[in-house]
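Coordinate inspection notes
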Amino acid sequence: SLQVMTSVLDYGTCMLGAAVTRDLVLKNLGNAETLASIKHDGSTDEYTGESKRYELSFVPEAPLIVAPRSTRTVRVRLLTIADEEEEEDEFSSDPSVLLPPINTFLVVRSTESIHESFRVNILSKVGKPDMHVLPIGYFQGTSTGKHGHVEFSTVMSGRTHTSTFSLQNRGGVPMDYK
């Protein structure tokens, strides 16, 4: 008898273009091995009917065998995808605005029984960072100040020279940087 140990995989707020994984645990309570399948409609979002802006993948791939009286963990990978039009639409004007959320599901079934079917909801918010270097104009050589070179002016040979700047994220998702 197959059991799915969660009904929701919540990915939180994901950065656009980044992959995030969650574990889905399958449990076989029976005395014999069972073959489990995982299905997801890969063409359109279940709720909006629009082309998906994400990809789901599973490791190990389904169908997979779950041994008797044991569990099997499936890594469910969510990759958010940017639409080509999205580069210059209303989201670009205010990067703190989150993109439409992901709200879909997958179905896990035991291939030995048509009655053992489990729905697992997939949820995520999607946003993108908007990094800025402070002070404004820190980078020289461009009109935007977002890239270029750092001007140290006159420096003495053999000495260490430092220049301090800050990074600020004005976007809708956190961004780790080192």
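Data block above holds the structure.
Residues numbered from 1 in each chain as written. Predicted model: local features only at pLDDT ≥ 70, side-chain atom pairs only at ≥ 80, totals over all residues. Heavy atoms only, no water.

1. Concerning the side chain of Thr-80
- Turning to its location among the elements, Thr-80 is positioned in strand E7 (residues 70-80).
- When its relative accessible area of 2% is taken as the criterion, Thr-80 is described as buried.
- Reaching out from Thr-80, the side chain makes a polar contact with the backbone oxygen of Met-15 at a distance of 3.0 Å.
- Ignoring any residue separated from it by four or fewer positions in sequence, one finds Thr-80 in contact with Cys-14, Met-15, Leu-16, Gly-17, Ala-18, Arg-53, Tyr-54, Ile-102 and Val-126. (Helix = DSSP H or I, 4+ residues; strand = E, 2+ residues; numbered from the N terminus. Buried < 20%, exposed > 50% of the residue type's maximum accessible area, 1.4 Å probe, protein only. Polar contact = N/O pair within 3.5 Å; in protein donor to acceptor, adjacent residues only side chain to side chain. Contact = heavy atoms within 4.5 Å.)

2. Points about the sheet that holds strand E9 (residues 117-127)
- In space, the 5 strands of this open sheet follow the order E2-E9-E8-E4-E6, with mixed pairing throughout. Taken across any chain shown, the strands that pair with only one partner, and hence form the sheet edges, are strand E2 (8-15) and strand E6 (64-66). The sheet shows a mean angle of 25 degrees between the axes of neighbouring strands, direction not considered.
- Summarising the sheet, strand E8 (residues 99-110) and E9 pair through 9 bridges and their orientation is antiparallel. Looking at E9, one finds that Leu-106 is bridged to Val-120. (Pairing = 2+ DSSP bridges. Axes fitted to C-alpha atoms, helices over the stretch in contact; angles between N-to-C directions.)

3. Describing the environment of His-132
- Secondary-structure assignment places His-132 in strand E10 (residues 131-134).
- Under the relative-accessibility criterion, His-132 is labelled buried at 15%.
- With 39 residues separating them in the primary sequence, His-132 and Gly-171 have C-alpha atoms 9.8 Å apart.

4. Overview of the sheet that holds strand E5 (residues 54-59)
- Spatially, the 4 strands line up as an open sheet ordered E1-E3-E7-E5, and their pairing is antiparallel. Across the chains shown, the open sheet's two edge strands, defined by having one partner strand only, are strand E1 (2-4) and E5. Across the sheet, the mean angle separating the axes of adjacent strands is 25 degrees when strand polarity is ignored.
- Inspection of the sheet shows E1 paired to strand E3 (residues 19-28) by 3 bridges, in the antiparallel sense. Opposite Val-4, over in E3, you have Leu-26 as the bridge partner.

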